[in-house]
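Structure at a glance
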Amino acid sequence: MSDKTYLQWPFFDDGHRRLAEDVEAWAREQITDHHGEVDAACRELVAKLGRAGWLRYVVGGTDYGGAHHGIDTRAVCLLREILARHSGLADFAFAMQGLGSGAITLHGTEAQKKRYLTRVANGEAIAAFALSEPESGSDVAAMTCTARASDDEYVLDGEKTWISNGGIADFYVVFARTGEAPGARGISAFVVDAGMQGFEIVERIEVIAPHPLARIRFTNCRLPKACLLGTPGQGFKVAMQTLDIFRTSVAAAALGFARHAVDEALSRATTRPLFNKTLADFQITQVKIAEMATGVDTSALLTYRAAWLRDQGQNVTREAAMAKMTSTETAQRVIDSAVQIWGGCGVVSGHPVEKLYREIRALRIYEGATEVQQLIIAKQTLAEFQHL
Ligand SMILES: Cc1cc2nc3c(=O)[nH]c(=O)nc-3n(C[C@H](O)[C@H](O)[C@H](O)COP(=O)(O)OP(=O)(O)OC[C@H]3O[C@@H](n4cnc5c(N)ncnc54)[C@H](O)[C@@H]3O)c2cc1C
């Protein structure tokens, strides 16, 4: 919705308000509908976002090109919300630079930060995050990809799938089993350059809202020990800490899609003549509008609460889960209502609400499906009750 009054909420400071205005002005001028090949469009968007300085916000550390010492979650969320309102692919290009380099910001050595973060921040290197496997999506601890330690290297073997930016990324943060303990406590994180011997793109995956996506394979891929990210056996924690930041930002992207859908719905409902009135004159339409507007505000409140809490240094695992679950599920309903309000036009290929309808769907699945968020919320809520 073009209403910007939410920026006056106490979650934000004046720096955030200025940032939101600047990004909005930039996006209006610079983001155009992409046509044709998605890899090229994505590469171009990363370069453009880098030149404009927006990618500095997904990198922590001013010595490495970051906008701040750490990652300002509210800034990342505002950027994603605004970019998503203009273009799903622009939001994707922005978000993946953060998800793919977040573990380096959080746990990288000085050398790793120098080597990767500055290039991520200026849009010269494309990042990817490789956690999921064909048999291990929601159940991350079931992963089978291994990294065997020898004297001076790790040898990586196994497959990762659904890897966003797979095929165009310059490096991948990869999680693999190193076996210090069973399950989640035996996983480590690595940073792997594209083009390493033993690394291949096995399959490009086409999805309903096109973006670069691939299944990748490691076969006897030998990594110098310096590629280890953080401590051996702590990879699960590294992945979850990265997701704690970016899950909230998925909520922000869904919010941006929902706001766009409300704009589209309102413009149609107030101008479409039918039965000697306009669509918006009917109370059944008004119920939809009321539900859409309330859904958008609910999502915004939960999203920016989680972002603000994280920026205060608090643990936000539950709040990020609440934001992601609510915002993505709400956006799906809001977009569906917008399609309904547009009638037949709403399902025509290329129509803005048809594109939103395809764009929102994966957000309810990736970075933890809604059901996984429900488990997280319930687990923490029950634990707090049992400790009372
Ligand atoms: C477009 C897209 C981009 C992606 N990008 C990346 C990426 O960049 N990097 C990466 O590592 N991964 C990525 N993923 C993978 C994504 O994180 C996984 O798809 C997701 O975690 C779900 O795993 P899965 O597909 O194996 O589904 P499964 O784990 O098989 O789950 C299937 C369904 O079961 C339900 N479910 C799950 N757990 C429970 C439960 N406990 N109780 C009841 N129901 C449950 C949920 O509805 C879930 O959707 C991406 C996925 C998509 C679709």
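In case you missed it, the structure is sitting above this.
This is a predicted model, so every value here is computed, not measured. (Residues numbered from 1 in each chain as written. Predicted model: local features only at pLDDT ≥ 70, side-chain atom pairs only at ≥ 80, totals over all residues. Heavy atoms only, no water.)

**What about the overall build of the protein?**
Looking only at helices and strands, the protein has 10 helices and 10 strands in total. Its C-alpha atoms give the protein a radius of gyration of 21 Å, within 12% of the compact-globule value 21 Å for 388 residues. Along the longest, intermediate and shortest principal axes, the C-alpha atoms of the protein span 80 × 55 × 40 Å. In the protein, which comprises 388 residues, the share counted as buried stands at 55%. Across the protein, the fraction of contacts at a sequence separation of at least 24, relative to all contacts at a separation of at least 6, is 73%. In the form shown here, the protein has an accessible surface area of approximately 17100 Å², with 53% of it arising from carbon and sulfur atoms. Separation of charge centres in the protein, based on 41 positive and 46 negative side chains, amounts to 2 Å. (Helix = DSSP H or I, 4+ residues; strand = E, 2+ residues; numbered from the N terminus. Rg over C-alpha atoms; globule rule 2.2 N^0.38 Å. Buried < 20%, exposed > 50% of the residue type's maximum accessible area, 1.4 Å probe, protein only. Contact = heavy atoms within 4.5 Å. Areas by Shrake-Rupley, 256 points an atom, 1.4 Å probe, with all protein chains shown as cover. Lys, Arg positive; Asp, Glu negative; His and termini not counted. Charge placed at Lys NZ, Arg CZ, Asp CG, Glu CD.)

**What about the packing of aromatic side chains?**
Within the structure shown, the criterion is met by 13 aromatic pairs. Chaining the aromatic ring pairs together yields one cluster made of Y6, W9, F11, F12, Y304 and W308. Against the face of F282 rests K277, its NZ or CZ located 5.4 Å from the ring centre. (Phe/Tyr/Trp six-rings, centres within 6.5 Å; stacked < 30°, edge-to-face > 60°. Lys NZ or Arg CZ within 6 Å of the ring centre and 35° of its normal.)

**Details of the site of the ligand**
In the vicinity of the ligand there are 19 residues, among which F129, S132, S138, W162 and E371 approach most closely. One nitrogen or oxygen atom from the side chain of S138 is found 2.7 Å from an oxygen atom belonging to the ligand. S164 places a polar side-chain atom, nitrogen or oxygen, 2.9 Å from a nitrogen atom of the ligand. Protein burial of the ligand: of its 980 Å² of free accessible surface, 67% is covered by the chains. (Near = heavy atom within 4 Å. Polar contact = N/O pair within 3.5 Å; in protein donor to acceptor, adjacent residues only side chain to side chain.)

**Notes on the nonpolar core**
Counting residues in hydrophobic clusters, the biggest one holds 116 residues, and the most contacted among them are W54, F94, L156, F171, F175, F218 and Y304. Among the elements that take part in this core, helix α6 (residues 235–269) stands out by supplying 16 residues, more than any other. Look past the residues within four positions of W54 in its chain and what remains in contact with it is L19, D22, V23, W26, L49, L79 and F94. (Core = buried A, V, L, I, M, F, W, Y, C linked by side-chain atoms within 4.5 Å.)

**Observations concerning the pairing of strand β3 (residues 153–164)**
Most of β3 sits inside the fold, with nine of its 12 residues counted as buried. Hairpin geometry of strand β2 (residues 146–149) and β3 is characterised by an intervening segment of three residues between the two adjacent antiparallel strands. For β3 and strand β7 (residues 213–224), the ladder comprises nine bridges, and the chain directions are antiparallel. Considered in β7, the bridge of Y154 is made with L223. (Pairing = 2+ DSSP bridges.)

**What about the packing of α6 against helix α7 (residues 283–311)?**
Where α6 meets α7, the closest approach of the two axes is 9 Å, and the angle between their N-to-C directions is 155°. Judged by the inter-axis angle, α6 sits roughly antiparallel to α7. Of the two possible hands of crossing, α6 and α7 adopt the one that is left-handed. Judged by residue contacts, I245, T248, A251, A252, L255, A258, R259, A261, V262, A265, L266 and A269 of α6 engage T285, I289, M292, V296, S299, A300, T303, Y304, A306, A307 and R310 from α7. (Axes fitted to C-alpha atoms, helices over the stretch in contact; angles between N-to-C directions. Parallel < 35°, antiparallel > 145°, perpendicular 65-115°, else oblique. Left-handed = near helix turned anticlockwise from the far one by under 90°.)

**Observations concerning the side chain of T105**
Mapping T105 onto the fold places it in helix α4 (residues 88–107). Within the structure, the side chain of T105 is placed 3.2 Å from the backbone nitrogen of G60, a separation counted as a polar contact. Excluding residues that lie within four positions of it along the chain, T105 makes contacts with V58, V59, G60, I71, K113 and L117.

**A few points about the pattern of salt bridges**
Applying the stated rule across the entire model yields 18 salt bridges. Of the charged contacts, one joins R259 and E81 as a salt bridge, the two residues approaching to 2.5 Å between their closest N and O atoms. With R259 in helix α6 and E81 in helix α3 (residues 73–86), this residue pair connects regions lying 178 residues apart in the sequence. What makes R259 buried here is its relative accessible area of 2%. We classify E81 as buried; its relative accessible area is 0%. Among the ionic contacts, a cluster of salt bridges with common partners joins E159, E200, E203, R215 and R217. (Salt bridge = Lys/Arg side-chain N within 4 Å of Asp/Glu carboxyl O.)

**A few points about unusual backbone geometry**
Phi is positive for F275, close to 50°, though the residue is something other than glycine. Structurally, F275 can be placed in the loop between β9 (273–274) and β10 (277–278). We classify F275 as exposed; its relative accessible area is 70%.

**So, the state of the cysteines**
Applying the stated criterion to the full structure yields zero disulfides. C221 provides the cysteine sulfur closest to C145, a residue in no disulfide bond, and the two sulfurs are 9.4 Å apart. Judged by its relative accessible area of 0%, C145 is buried. Just so you know, C227 is unpaired, no disulfide at all, and the nearest cysteine sulfur is the one on C221, 8.6 Å from it. For C227, a relative accessible area of 13% gives the class buried. (Disulfide = S-S within 2.5 Å.)

**Quick notes on the packing of helix α2 (residues 38–52) against α4**
It is at 9 Å that the axes of α2 and α4 come closest, and there the two elements cross at 65°. Between α2 and α4 lies a crossing whose hand is right-handed. In this structure, α2 contributes V38, A41, C42, L45, V46 and L49 to the contact, and α4 contributes L89, A90, F92, A93, F94 and Q97. Of the residues that constitute the contact of α2 with α4, the class distribution is 11 nonpolar, one polar and no charged. (Nonpolar A, V, L, I, M, F, W, Y, C, P; charged D, E, K, R; others polar.)

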